[in-house]
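So the chains spell out like this:
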Amino acid sequence: MVKPFSLLEVLARIEAVLRRSPERPRTLDRVGLPEGYLDFPSRSLVLGEERIVLTTKEFDLARHLAANAGRIITREEILTRVWKMDPRLVETRSIDTTIARLREKMGKRNAAVIRTLRGQGYVWEETA
């Protein structure tokens, strides 16, 4: 960069580099839950004999959280990586709604794997 430069330009360049070098999430085919599992090839939630098809956003959100299990995922990261939106340009509660619908479909025991950290984001808790 040529001097003088603005702080906004530096921030924009840093963000561009970070977008090109995402964290290294795990690739998954199936994630176990206390009562069932998420089946990624069929994009569904399997609870016993019941197979529940998830919406695209529910599935994408669950996959992103599970692939980054144990790590705090911020709302900004979810908007950027799952919704493909710039978090600086939008204010939405759709993440909360999608998390609530996903937890409802998962059932009470399974829903506990998605932990909310107030003011920080969400964590997918590893199950044994």
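Residues numbered from 1 in each chain as written. Predicted model: local features only at pLDDT ≥ 70, side-chain atom pairs only at ≥ 80, totals over all residues. Heavy atoms only, no water.

(A) Summary view of the overall build of the protein chain. When helices and strands are counted, the protein chain shows 5 helices and 6 strands. Each helix (α) and strand (β) of the protein chain, taken in turn from the N terminus, gives the series α-β-β-β-β-α-α-α-α-β-β. Put simply, the protein chain has 128 residues, and 35% of those count as buried. When the accessible surface of the protein chain is split by element, carbon and sulfur atoms take 55% of a total near 8,400 Å². (Helix = DSSP H or I, 4+ residues; strand = E, 2+ residues; numbered from the N terminus. Buried < 20%, exposed > 50% of the residue type's maximum accessible area, 1.4 Å probe, protein only. Areas by Shrake-Rupley, 256 points an atom, 1.4 Å probe, with all protein chains shown as cover.)

(B) Here's a closer look at the sheet that holds strand 4 (residues 50-53). Pairing is antiparallel across the open sheet formed by 4 strands, whose spatial order is 1-2-3-4. Looking at which strands have only one partner, the edges of the open sheet turn out to be strand 1 (30-33) and strand 4. Each strand of the sheet is rotated relative to its neighbour by a mean of 20 degrees, with strand direction disregarded. Strands strand 1, strand 3 (44-47) and strand 4 of the sheet are contacted by helix 4 (residues 94-106), whose axis makes an angle of about 30 degrees with strand 3. (Pairing = 2+ DSSP bridges. Axes fitted to C-alpha atoms, helices over the stretch in contact; angles between N-to-C directions. Contact = heavy atoms within 4.5 Å.)

(C) Structural view of unusual backbone geometry. Even without being glycine, R43 reaches a positive phi, approximately 55 degrees. Counting through the fold element by element, R43 comes out in the loop between strand 2 (36-39) and strand 3.

(D) Structural detail: the packing of aromatic side chains. Tallied over the entire structure, the rule returns 1 aromatic pair. Looking at R30, its charged tip hangs above the ring of Y37, at a distance of 3.7 Å from the centre. (Phe/Tyr/Trp six-rings, centres within 6.5 Å; stacked < 30°, edge-to-face > 60°. Lys NZ or Arg CZ within 6 Å of the ring centre and 35° of its normal.)

(E) Representation of a nonpolar patch on the surface. A contiguous nonpolar surface patch, about 540 Å² in accessible area, is contributed by L7, L8, L11, I14 and L18. Accessibility expressed as a relative area gives 52% for L18, which makes it exposed. (Patch = residues over 30% accessible without salt bridge, like charges linked within 9 Å, V, L, I, M, F, W, Y side chains within 5 Å. Salt bridge = Lys/Arg side-chain N within 4 Å of Asp/Glu carboxyl O.)

(F) Representation of helix 2 (residues 56-67). In a regular helix each residue adds 1.5 Å, so 12 residues correspond to 16 Å; helix 2 covers 16 Å between its end C-alpha atoms and thus fits that length. By the criterion of burial, helix 2 is predominantly enclosed, with 9 of the 12 residues buried. Among the residues of helix 2, E58, F59, D60, L61, A62, H64, L65, A66 and A67 are the ones counted as buried. Packed against the buried residues of helix 2 are strand 1, strand 2, helix 3 (75-81), helix 4, strand 5 (114-117) and strand 6 (121-124). (Expected span 1.5 Å × (residues − 1).)

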